[in-house]
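Fold and contact review
If you want the building blocks of each chain, they are given just below.
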Amino acid sequence: MTTESNLESLLREGHFVVCGEMSPPQGADKDAILRKSDYFRNTVDAVNLTDNQTAIARMSSVMSSVFALEGGVEPIMQMTCRDRNRLAQQSDILGAYSAGVRNILCLTGDYMSFGNHPGAKGVFDLDSVQLIRMVSDMNAGRFQCGEEMKAPPRMFIGGAANPFAEPFAMRIMRLGKKIAAGAHFIQTQPVFDFPRFERWIKAVRDEGYDEQVYILAGVMPVKSAKALIYMKESVPGMSVADEYIKRMESATDPKEEGMAICVETMKRLREVEGIKGIHIMPVMWESITPRLVEEAGLLPRPKPRMQDNLTSISDAELPPEVKKAGAAPKASGVEA
Amino acid sequence: MSKLTEGVAGFCEKHSTLYKCVLLAENAVKKPVFRCQNCGQCVLSYNAFTCCMRCPKQIRNGPCGGTRPDGHCEVYPERHCIWWLINERAKKLGRQQKLKKYHIPVDRRFEDTSAWLNMMAGKIEGWSWGKDLKEEEKETTVKH
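The following paragraphs examine the structure supplied in this document. Keep in mind that what you see is a predicted model, and the values were worked out from it rather than measured. (Residues numbered from 1 in each chain as written. Chains lettered and ligands numbered in written order. Predicted model: local features only at pLDDT ≥ 70, side-chain atom pairs only at ≥ 80, totals over all residues.)

Notes on the interface of chain A and chain B
Quite often, the size of an interface is put as the accessible area lost when its parts meet. Spelled out, the test is: What counts as a contact here is a pair of residues whose C-beta atoms, placed from the backbone, lie within 7 Å. By definition, any uninterrupted DSSP run of H or I lasting at least four residues is a helix, any uninterrupted run of E lasting at least two residues is a strand, and each is numbered from the N terminus. Classification used: nonpolar for Ala, Val, Leu, Ile, Met, Phe, Trp, Tyr, Cys and Pro, charged for Asp, Glu, Lys and Arg, polar for all others including Gly.
Between chain A and chain B, the residue contacts involve 29 residues of the former and 28 residues of the latter. Secondary structure elements with two or more residues in the side of chain A that touches chain B: helix H5 (128-139) and helix H6 (168-181) of chain A. Partitioning the side of chain A that touches chain B into residue classes produces 14 nonpolar, nine polar and six charged.

Re the packing of helix H8 (residues 225-234) of chain A against helix H9 (residues 242-250) of chain A
All names here are of chain A. Counted only if it meets this: Where helices are involved, their axes are fitted lines through C-alpha atoms of the stretch in contact, as for all axes, and angles between N-to-C directions lie from 0 to 180°. Oblique is the label for any angle not covered by the other classes, which are roughly parallel (under 35 degrees), roughly antiparallel (over 145) and roughly perpendicular (65 to 115). Two helices crossing with the near one rotated counterclockwise from the far one by less than a right angle form a left-handed crossing, whereas a clockwise rotation gives a right-handed crossing.
At a minimum axis separation of 8 Å, H8 and H9 run at an interaxial angle of 155°. Classified by the angle between their axes, H8 and H9 sit roughly antiparallel to one another. In this structure, H8 crosses over H9, and the sense of that crossing is left-handed. Residue-level contacts link Ala225, Leu228 and Ile229 of H8 to Tyr244, Ile245, Met248 and Glu249 of H9. Across the contact of H8 with H9, the residue classes tally to six nonpolar, no polar and one charged.

Focus: the sheet that holds strand E7 (residues 214-219) of chain A
Residue and element names in this part refer to chain A. Worth spelling out the cut-off: Paired strands, as defined in this entry, are two strands with at least two bridges between them according to DSSP.
Around the barrel, eight strands lie side by side as E1-E2-E3-E4-E5-E6-E7-E8; this closed barrel has parallel pairing. Going from strand to strand, the sheet's axes swing by 25° on average, the running direction of each strand aside. Bridge count for strand E1 (residues 17-22) against strand E2 (residues 46-49) is four bridges, and the pairing is parallel. Residue pairing in the sheet places Gly20 in a bridge with Val47 of E2.

In structure tokens:
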């Protein structure tokens, strides 16, 4: 199935894509989204809009995605299972699609105790694999209950993968479940541990999953050694190589060093077989995105096939599939 | 399940005292042994006899991204991640193939009911014998 997502078109055409990420404001401030959109317009292909990330209350990812569209960037609406049951999830997906949102990233969601409302009730009606399956069913014209839907959405469905958390075997298995459930693309946690990442992508390739789904590797620019140490010690499921912490500590300008590490990682990931794009997560540092993309040699971005109105594309207008997924030539830097 | 088991389950459902007795017996086994969470649609036989509903996020299809390097839970660092435990036990029991099964969303109507009787009545998926998944259970791919 082809969706109207520009991200999907670019991936199908074999381009190496770049995604950004922005956090919706902690307030009723639409302009914040429009301002941040300036950093991403024409520098990345799509932008994730987080859904109350780390369980901190923010503007909804649905409305933020709609505002991002107004700001001229293609949104990837994140949706967690923490705050909504299957009814609310489906109604939000229908609403978002009708407003022009074409990409969704399905997540389980951070636990409430990590955020600013630790006493909140967690919903967790579905898990992320079941959510992917539900969106996939909706694309096929069925509600989760099995009833037919008259005007089904056509979402480009994403899932997340964490190559760095234990148990390793389960990570590969769960990725397989997400693909079987109907995921089209996968975004990974930020890479700060290359050996572990290469071990993971090798296992992914061995299963043939890189041919079934577009895998976008995550990167994160950090401003200080403290931030890296915090991630290593306090963010569960993250792995940070000591080498990076040492480099950040000995740097005269940690911000520049953090950026250099990020650019280096992006260039290295581009050479990895099975990786179809980069997902930049500049947490609270969105303004750095254009520089990162430029220095990694990923500008200019390929032109989206439909620039102005994403909602008015009919089947007849969709281009023929140019290439099979993953046909882009890649150097294999991993085997060595 | 068979006509016989459906008949037995149907009979128990009609007689509330009998139903309560079965539920009591089931809980007497499942609570202390598996720390059963009463979802009423047991998947123990797929998950190396370890109840995945003990996960704070109640994930039925594998671990979230927050498992710590020592195999502990991101929410309760003093506990093991339940999926880490499931993986360890599956390795010991040779039941890793079973973990590949896709589990459908929980039907909340079955909460606090007897999974045994639900299974006998054919309302939920049956017990999974043996160490390998059946062919039809592997077929979870959605047609696009």
